[in-house]
There are 2 protein chains.
Amino acid sequence: MKLIVQKEDLLYAVNAVSRAISNKNTLPILGGIMMITTESLPGKLVLSGTDLEMAIECLIDADVQENGRIVAPGRYFQDLVRYLPEGPVTLFSENTNELLLSYEQSEVAIRCNDPEEFPALPTAEGNIRGQIAVSTFRRMVKQVSVAAATDVVRPLFTGILLELTGSKLVMVASDTHRLAIAEDIWQGENITEIKLILPCRTMLEIAKLAVSDEGMIEIVASRNQAFFRFENLTFATRVISGQYPDYHQVLPASSLYCCHTTIQREKLIESLERASLLSRDAVRGKTNIVCLNWREEGLLLTADSPEVGHIYEELAAIVEGTQIESSYNARYLLDALKVMDNEQVSFHLTGESTPGIILPEGSEQEQSPYTYLVLPVRLSR
Amino acid sequence: MKLIVQKEDLLYAVNAVSRAISNKNTLPILGGIMMITTESLPGKLVLSGTDLEMAIECLIDADVQENGRIVAPGRYFQDLVRYLPEGPVTLFSENTNELLLSYEQSEVAIRCNDPEEFPALPTAEGNIRGQIAVSTFRRMVKQVSVAAATDVVRPLFTGILLELTGSKLVMVASDTHRLAIAEDIWQGENITEIKLILPCRTMLEIAKLAVSDEGMIEIVASRNQAFFRFENLTFATRVISGQYPDYHQVLPASSLYCCHTTIQREKLIESLERASLLSRDAVRGKTNIVCLNWREEGLLLTADSPEVGHIYEELAAIVEGTQIESSYNARYLLDALKVMDNEQVSFHLTGESTPGIILPEGSEQEQSPYTYLVLPVRLSR
């Protein structure tokens, strides 16, 4: 292999594909970055990294003088490229054991892994196809990912459910204590109704790398794999198998709301942050429990911890309907409030021990761009 | 105690004094922040924190209605104040067990520690007195602290030696592998020659909190304690006892230089960073060893690691005198180069296995604002 690339292009690509590289050293080859040039892609260097669950591929311009492939050790290579001087870098390898980088009057030789061991990356195939605006995708992933489970005991809940029709995309995540739903438009090609469960971690990585505020993400998927493509990047991810529970059954009909409230989002966030500090209760084994008491005159928010102290806050709020007092994990409320950007939010309650629904102010649950369901904490008194 | 302070003043003070609070929970009371108002300081709230080695005190404006004192739990209090709404906050305590903070329509009560247990803070006394510009102090501490030892086995070397005369201040630090010396002017009051060894950690904290580019730091010290005062902050620190080795004996006379070199500082930093990546040698138990070969045509920098690969760099440099090849711990060289801000640096060598001296380009060792001595690594070949 022999080619010349610009340092800044190489660094961008190496940083991007490194996001898929496994930190766990189960298989050393997965710590590598594959670099390939082929006749079918003249003038391009293809870099890729994978942890077997997700793969990231990045294409950059290169002055290719001889085709080839090599697997560089990921972390070393990333650090090295970061410190290269600006300008052209020559990548050269006579065999697959060693890669020679030359720049200015200097050169580095690094030992490489056997490319035969590198897992074959899937090609973007599937009959589920469509496009979504980068900014919309990012908004949806940010808003639902907070509700996904992080423990791998129930793999289904570490995923985000995607419900796709021709014009509407719905994303859903839940760890069984709360449920987040985001919906928006996309441009699906001849899709009636398809459900896919994709790893939340991969979705977050895509949202992180899709930084441009314009442009579209192209989605190609089958029952087993999904591909996301934008600019010079392609993400491949496995689809989590299993049947996602019917979340519609959990969502209370809006006719069951007995208390409608509207409150300043930022004010509630600050108040919950303060209350979180005073809600650690080592004795009862509960953490972050805050009590929300919705009254005609506003919201009373209280929390106490025998060790630290207690807090009492009065917040201005519009409260209509039955006065309700319920306790929540403050973290669950904060997660939702922090990923919203509305000045005011609506918190609808169905009872003291039944679900509450947080919505952007003014939207109806049935067609809200974002719906967050949260269960109160049952306290043994 | 009853008083009203502005949230931003309180947050500034709490953040400042928290820097002295111990993270180790040996004595719970040391995790606290003492707050006092007295008749002798009307209209002021005094906050302080200490880990017994260093103490930080901060004075802020307060509308004091009733004098008193209280010790709030440091970390909780800091987090809480951070999340308070902008504007006035009332601090109230009926007894020393509980502090009540009220703001807007809300209030928090936090449990407090017994102020009787809080160590008495020393008052700024001593016959060593003077003033130094904040920016000068910061420059000197930054440049010498990199050479101080971090292991507490030899407490002397975890300190910075201060040599004070009436007009000149010299700071020195060493971990026995390298030695850093910074000197500059200060305004000492009738001082012939005084030596003090102060903990490097404290000096770094002072440099960190002295953010303004103007103003003076006032120094008051005795044989046992030193005080640094600027704006509304006072630092107290113990003096490390013992006799600092005579560093003049280690410094080679400039007549012993056999090779004079001048090189671009940034270029050498980048090259050393790259070489560091390829200089980990698990087999020989050496890390970060790079070889510097100074030749007439410039610097050859090489490093190799059996596991990772090898690097060969040619850097432009002016080299006069004997050609010399020595190996160094790249980290030691980087530490010095990164705290300098000169475009070019001079690296003077006295032999292959004897000390090298790094100076800002154009300065003579005898009166350089910064001198960094580094020993080559002896390799068993």
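Residues numbered from 1 in each chain as written. Chains lettered and ligands numbered in written order. Predicted model: local features only at pLDDT ≥ 70, side-chain atom pairs only at ≥ 80, totals over all residues. Heavy atoms only, no water.

## Topic: the overall build of chain A
Next up, step 1: Within chain A one finds 6 helices and 29 strands.
Next up, step 2: Expressed as lengths along the three principal axes of its C-alpha atoms, the size of chain A is roughly 75 × 55 × 35 Å.
Next up, step 3: Surface summary for chain A: the accessible area is close to 17,100 Å², and the carbon and sulfur share equals 48%.
Next up, step 4: Within chain A, one finds 33 positive and 51 negative side-chain charges whose respective centroids are separated by 5 Å. (Helix = DSSP H or I, 4+ residues; strand = E, 2+ residues; numbered from the N terminus. Areas by Shrake-Rupley, 256 points an atom, 1.4 Å probe, with all protein chains shown as cover. Lys, Arg positive; Asp, Glu negative; His and termini not counted. Charge placed at Lys NZ, Arg CZ, Asp CG, Glu CD.)

## Here we look at helix α6 (residues 330-338) of chain B
All names here are of chain B.
Next up, step 1: With respect to burial, α6 is a largely interior element, 7 of its 9 residues being buried.
Next up, step 2: Along α6, the residues classified as buried are A330, Y332, L333, L334, D335, A336 and L337.
Next up, step 3: By the N-cap criterion, in which a side-chain oxygen at the helix start approaches the backbone nitrogen of a residue two or three places on, α6 is capped by N329, the distance to R331 being 2.8 Å. (Buried < 20%, exposed > 50% of the residue type's maximum accessible area, 1.4 Å probe, protein only. Polar contact = N/O pair within 3.5 Å; in protein donor to acceptor, adjacent residues only side chain to side chain.)

## Thoughts on the relation of the copies chain A and chain B
Next up, step 1: In the superposition of chain A on chain B (RMSD 0.0 Å, axial shift 0.0 Å), the rotation amounts to 180 degrees. The superposition operator between the copies reduces to a two-fold rotation axis. It is N23 of chain A whose C-alpha, among those of chain A, lies nearest the rotation axis, at 15 Å.
Next up, step 2: Mapped onto chain B, 100% of the interface residues of chain A are again interface residues, and the two copies thus contact each other with one and the same surface. (Least-squares fit on C-alpha atoms with pLDDT ≥ 70 in both. Contact = heavy atoms within 4.5 Å.)

## With respect to the domain arrangement of chain A
Residue and element names in this part refer to chain A.
Next up, step 1: Along its sequence, chain A is organised into domain 1 (2-117), domain 2 (128-248) and domain 3 (252-374).
Next up, step 2: Contact with domain 1, which involves 12 residues of that partner, is made by 14 residues of domain 2.
Next up, step 3: Together, R19, E53 and M54 form the three largest contributors to the area buried by domain 1 at its contact with domain 2, with a combined 49%.
Next up, step 4: For the pair domain 1 and domain 2, the number of links is 3 salt bridges.
Next up, step 5: Across the pair E205 and R19 runs a salt bridge whose closest N-O atoms are separated by 2.8 Å.
Next up, step 6: Along the contact surface separating domain 1 from domain 2 lie 6 residue pairs in polar contact (both at pLDDT 80 or more).
Next up, step 7: Of the residues forming the side of domain 1 that touches domain 2, the biggest block, 7 residues, is contributed by strand β4 (residues 54-61).
Next up, step 8: Across the side of domain 1 that touches domain 2, the residue classes tally to 8 nonpolar, no polar and 4 charged. (Domains from an automatic or database assignment. Buried area = accessible area lost by both parts, 1.4 Å probe. Salt bridge = Lys/Arg side-chain N within 4 Å of Asp/Glu carboxyl O. Nonpolar A, V, L, I, M, F, W, Y, C, P; charged D, E, K, R; others polar.)

## Comments concerning the pairing of strand β22 (residues 289-295) of chain B
Residues and elements named next belong to chain B.
Next up, step 1: Most of β22 sits out of view: 6 of its 7 residues are buried.
Next up, step 2: Bridge analysis of β22 against strand β26 (residues 324-329) gives 6 bridges, and the strand direction is antiparallel. Paired with W294 across the two strands is I324, which belongs to β26.
Next up, step 3: Judged from the 5 bridges that link them, β22 and strand β23 (residues 298-305) form a sheet pairing that is antiparallel. When the sheet's bridge partners are listed, L292 is paired in β23 with L301.
Next up, step 4: Counted between consecutive antiparallel strands, the loop separating β22 from β23 contains 2 residues. (Pairing = 2+ DSSP bridges.)

## Let's talk about the interface of chain A and chain B
Next up, step 1: Across the boundary between the two partners, chain A contributes 32 residues, which contact 32 residues of chain B.
Next up, step 2: Between chain A and chain B lies a buried interface of about 2,900 Å² when both sides are counted; carbon and sulfur atoms form 55% of it.
Next up, step 3: Three residues, Y76, Y83 and R274 of chain A, lead the burial of chain A against chain B; their summed loss comes to 22% of the area buried on that side.
Next up, step 4: Seen at the junction of chain A and chain B, the total is 2 salt bridges.
Next up, step 5: The residue E104 of chain B makes a salt bridge to K267 of chain A at a minimum N-O spacing of 3.1 Å.
Next up, step 6: Put simply, chain A and chain B have 18 residue pairs in polar contact (both at pLDDT 80 or more) between them.

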